[in-house]
Amino acid sequence: MAIRKIRTDGDPILRKVSRRVDVFDWRLWQLLDDMKETMQKENGVGLAAVQVGVLRRIVVVDTGEKILELMNPEIVEQSGSYCDIEGCLSFPGVYGMVERPTKVTVRAQDRNGEFFEFTGEGVIAKAFCHETEHLDGKLFVDRVDHIMSQQEINDYLDKKPQDKSSAQE
Ligand code: NI
């Protein structure tokens, strides 16, 4: 396993559309292992392959209990909505408020190509939305009405219960 370099703001690859995964071989498994290690080192809750420079529809999401590996993920159901602070590993230190569904079901393929569905709420639902948007070259900064100042970030985090929702994706 190896840590991969995370592409950051200004890198044009972040605006590109990723291609579907159709080969489920050792190269994919190696990339998945590297993505998981990179995400954990950076304390992220999610990471898309494009963020490490690979234009394939691959996402990893940390549910707190396990790390999901999602190839060709599609959101098949969503409900509710709430607004919460959001960040991204490709935009270090940048945060804004984003409205997301409270509950999201995603359909994807695992590392062997088998289809599965997973339903997540809160931070996990948010990560599913944030990461699948990365695969279409869409970024959370497009969705915020403004980038929060450090004072705004501190005020917001002081008021809410401690959880991982301010973690970066
Ligand atoms: Ni992100």
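Shown above is the structure to which this text applies.
Residues numbered from 1 in each chain as written. Predicted model: local features only at pLDDT ≥ 70, side-chain atom pairs only at ≥ 80, totals over all residues. Heavy atoms only, no water.

Asker: Where do I start with the overall build of the protein chain in this structure?
Answerer: Helix and strand counts for the protein chain come out as 3 helices and 7 strands. Across the protein chain, helices and strands are ordered from the amino to the carboxyl terminus as α-β-β-β-β-β-β-β-α-α. Dimensions of the protein chain along its principal axes, counting C-alpha atoms only, are 45 × 35 × 25 Å. By residue count, 47% of the 169 residues in the protein chain fall in the buried class. Put simply, 69% of the contacts in the protein chain that link residues at least 6 apart link residues at least 24 apart. When the accessible surface of the protein chain is totalled, it reaches about 8,500 Å², and 47% of it is carbon and sulfur. Each charge class in the protein chain can be summarised by its mean position, and for the 23 positive and 30 negative side chains these summaries are 5 Å apart. (Helix = DSSP H or I, 4+ residues; strand = E, 2+ residues; numbered from the N terminus. Buried < 20%, exposed > 50% of the residue type's maximum accessible area, 1.4 Å probe, protein only. Contact = heavy atoms within 4.5 Å. Areas by Shrake-Rupley, 256 points an atom, 1.4 Å probe, with all protein chains shown as cover. Lys, Arg positive; Asp, Glu negative; His and termini not counted. Charge placed at Lys NZ, Arg CZ, Asp CG, Glu CD.)

Asker: Explain unusual backbone geometry here, please?
Answerer: Most peptide bonds adopt trans geometry, and most residues besides glycine take a negative phi value. Non-glycine residue Asn43 carries a positive phi angle of around 60 degrees. If you trace the backbone, Asn43 turns up in the loop between α1 (26-41) and β1 (46-48). Positive phi, close to 50 degrees, is recorded for Asn72, a residue that is not glycine. Examined against the element boundaries, Asn72 turns out to sit in strand β3 (residues 67-79). On the basis of relative accessibility, which here comes to 4%, the residue Asn72 falls in the buried class.

Asker: Which parts of the structure should I look at to understand helix α2 (residues 123-134)?
Answerer: Along an α-helix, a turn takes 3.6 residues, which lines up residues three or four apart on a common side. Helix length check: α2, at 12 residues, gives a terminal C-alpha distance of 16 Å against a target of 16 Å (1.5 Å per residue), a fit within 8%. Counting buried positions along α2 yields 11 of 12 residues, so the element is predominantly enclosed. Of the positions making up α2, those classed as buried are Ile124, Ala125, Lys126, Ala127, Phe128, Cys129, His130, Glu131, Thr132, Glu133 and His134. (Expected span 1.5 Å × (residues − 1).)

Asker: Hey, could you run me through the packing of aromatic side chains in this one?
Answerer: The geometry of an aromatic ring pair is captured by two quantities: the separation of the ring centres and the angle between the planes. In this structure the tally under the stated criterion is 2 aromatic pairs. Judged by centre distance (6.2 Å) and plane angle (85 degrees), the ring pair of Phe118 and Phe128 falls under edge-to-face. Residue Phe118 is found in strand β7 (residues 115-121), and its partner Phe128 is found in helix α2; the two are separated by 10 residues along the sequence. Relative accessible area serves as the criterion here: at 2%, Phe128 is assigned to the buried category. (Phe/Tyr/Trp six-rings, centres within 6.5 Å; stacked < 30°, edge-to-face > 60°.)

Asker: What should I look at first to understand the pattern of salt bridges in this one?
Answerer: Applying the stated criterion to the full structure yields 14 salt bridges. Where Glu74 meets Arg20, a salt bridge forms, and the shortest distance between an N and an O atom there is 3.8 Å. In this pair, Glu74 sits in strand β3 while Arg20 sits in the segment before α1, placing the two residues 54 residues apart along the sequence. For Glu74, a relative accessible area of 45% translates into the label partly exposed. Assessed through its relative accessible area of 42%, Arg20 is described here as partly exposed. Measuring nitrogen to oxygen at the nearest pair gives 3.5 Å for the salt bridge that ties Lys126 to Asp84. Of this pair, Lys126 sits in helix α2 while Asp84 sits in strand β4 (residues 82-88), and the two are 42 residues apart along the sequence. Take Lys126 and Asp84: they sit in the same class, and that class is buried. Through salt bridges with shared partners, a single ionic network connects Asp33, Lys36, Glu69 and Arg111. (Salt bridge = Lys/Arg side-chain N within 4 Å of Asp/Glu carboxyl O.)

Asker: Can you walk me through the pairing of β3 in this structure?
Answerer: Consecutive residues of a regular strand have side chains that alternate between opposite faces of the sheet. For strand β2 (residues 58-62) and β3, the ladder comprises 5 bridges, and the chain directions are antiparallel. By the bridge assignment, Val61 is partnered in β3 with Leu68. The antiparallel pairing of β2 with β3 creates a hairpin that spans 4 residues between the two strands, and Gly64 there sits at a positive phi of about 95 degrees. Here β3 runs beside strand β6 (residues 103-109); their pairing, made up of 6 bridges, is antiparallel. By the bridge assignment, Glu77 is partnered in β6 with Thr105. (Pairing = 2+ DSSP bridges.)

Asker: In this structure, what is going on with the environment of Asn112? I would like to understand it.
Answerer: Residue position: Asn112 is located in the loop between β6 and β7. Taking C-alpha positions, Asn112 is 7.8 Å from Asp25, a pair spaced 87 residues apart along the chain. Among residues more than four places away in sequence, those in contact with Asn112 are Phe24 and Trp29.

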